[in-house]
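# Residue-level structural notes
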Amino acid sequence: MTVPATLRAAAALMAVEAAVEAVVIAQRDELTTGLRVMLVGFLSLKWIFAVGLLRLSAGAALGTFLLEGTSLVAAFGAVDASAGARIALAGAAVVVMALVAVSLHAFPEAPLP
């Protein structure tokens, strides 16, 4: 099966979003070093799921919805961040989820016993 362009766009946007988030988190001095490392570690799952999306892995699609939903909630909860950063994070999360949602037809059907 070929990978739809919408899914490739979702994977690329998610990878860029994770890189920007990782840089922002790494620069936050008010967080302890251990917390920053842990948060960047969790964000690295976005890169793994982006590769999984390109391989048409259903688990990666579900993980993408989970992580992008979490990013959406974080954008609403980040009251100390600028409005532009919050809107950009929320917008990227919504766009990635929408792109994956319209690409679900490309994933293989799961065989049921």
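So, how was this worked out
- Residues numbered from 1 in each chain as written.
- Predicted model: local features only at pLDDT ≥ 70, side-chain atom pairs only at ≥ 80, totals over all residues.
- Heavy atoms only, no water.
- Helix = DSSP H or I, 4+ residues; strand = E, 2+ residues; numbered from the N terminus.
- Expected span 1.5 Å × (residues − 1).
- Contact = heavy atoms within 4.5 Å.
- Axes fitted to C-alpha atoms, helices over the stretch in contact; angles between N-to-C directions.
- Parallel < 35°, antiparallel > 145°, perpendicular 65-115°, else oblique.
- Nonpolar A, V, L, I, M, F, W, Y, C, P; charged D, E, K, R; others polar.
- Buried < 20%, exposed > 50% of the residue type's maximum accessible area, 1.4 Å probe, protein only.
- 1 Å grid on protein atoms, 1.4 Å probe; cavity = no way out; pocket = protein on both sides within 12 Å on 5 of 7 lines; lining within 4 Å.
- Points joined across faces, edges and corners; volume = space filled by probe spheres on them.
- Patch = residues over 30% accessible without salt bridge, like charges linked within 9 Å, V, L, I, M, F, W, Y side chains within 5 Å.
- Areas by Shrake-Rupley, 256 points an atom, 1.4 Å probe, with all protein chains shown as cover.
- Salt bridge = Lys/Arg side-chain N within 4 Å of Asp/Glu carboxyl O.
- Polar contact = N/O pair within 3.5 Å; in protein donor to acceptor, adjacent residues only side chain to side chain.

In this section: helix α4 (residues 83–102). Helix length check: α4, at 20 residues, gives a terminal C-alpha distance of 28 Å against a target of 28 Å (1.5 Å per residue), a fit within 8%. The inward-facing, buried residues of α4 abut α1 (5–26), α2 (33–54) and α3 (58–77).

Between α1 and α2, the shortest axis-to-axis distance is 9 Å and the interhelical angle comes to 170 degrees. Here α1 is positioned roughly antiparallel relative to α2, judged by the angle of their axes. Across the interface between the two elements, Leu 7, Arg 8, Ala 11, Met 14, Ala 15, Glu 17, Ala 18, Ala 19, Glu 21, Ala 22, Ile 25 and Ala 26 of α1 pack against Arg 36, Leu 39, Val 40, Leu 43, Lys 46, Trp 47, Phe 49, Ala 50, Leu 53 and Leu 54 of α2. For the contact of α1 with α2, a count of residues per class yields 17 nonpolar, no polar and five charged.

Leaving glycine out, the prevailing phi sign among residues is negative, and the prevailing peptide bond configuration is trans. Of note, the phi angle at Leu 56 is positive, near 60 degrees, even though the residue is not glycine. Counting through the fold element by element, Leu 56 comes out in the loop between α2 and α3. Since its relative accessible area comes to 11%, Leu 56 is described here as buried.

Moving on, we get to the layout of surface pockets. Estimates place the volume of the largest pocket at around 730 Å³. Around the largest pocket, the lining is made up of 25 residues, and of these Glu 21, Val 24, Ile 25, Ala 74 and Leu 89 lie nearest the centre. Contributions of two or more residues to the lining of the largest pocket are made by α1, α2, α3 and α4. For the lining of the largest pocket, the class distribution of residues is 16 nonpolar, three polar and six charged.

Moving on, we get to the side chain of Glu 68. Along the chain, the position of Glu 68 falls in helix α3. With residues up to four places along the chain from it excluded, the contact list for Glu 68 reads Met 14, Glu 17, Lys 46, Ala 92, Ala 93, Val 96 and Met 97.

Next up on the list: a nonpolar patch on the surface. A cluster of nonpolar residues, Leu 35, Met 38, Phe 42, Leu 45 and Ile 48, forms a patch on the protein surface that exposes about 440 Å² of accessible area. Examined against the element boundaries, Phe 42 turns out to sit in helix α2. Judged by its relative accessible area of 47%, Phe 42 falls in the partly exposed class.

This paragraph deals with the side chain of Arg 36. With respect to the helices and strands, Arg 36 occurs in helix α2. By relative accessible area, which is 18% here, Arg 36 ends up buried. Only 3.3 Å separates the side chain of Arg 36 from the backbone oxygen of Arg 28, close enough to count as a polar contact. Once residues within four sequence positions are removed from consideration, Arg 36 is found in contact with Ile 25, Ala 26, Arg 28, Asp 29 and Leu 31.

With that settled, the discussion passes to α2. Since the α-helix packs 3.6 residues into each turn, any two residues three or four apart lie on the same face. If you check α2, its first and last C-alpha atoms are 33 Å apart, about what 22 residues at 1.5 Å a residue would give, namely 32 Å. Taken as a whole, α2 has its buried residues at Arg 36, Leu 43, Lys 46, Phe 49, Ala 50, Gly 52 and Leu 53. On its buried face, α2 is in contact with α1, α3 and α4.

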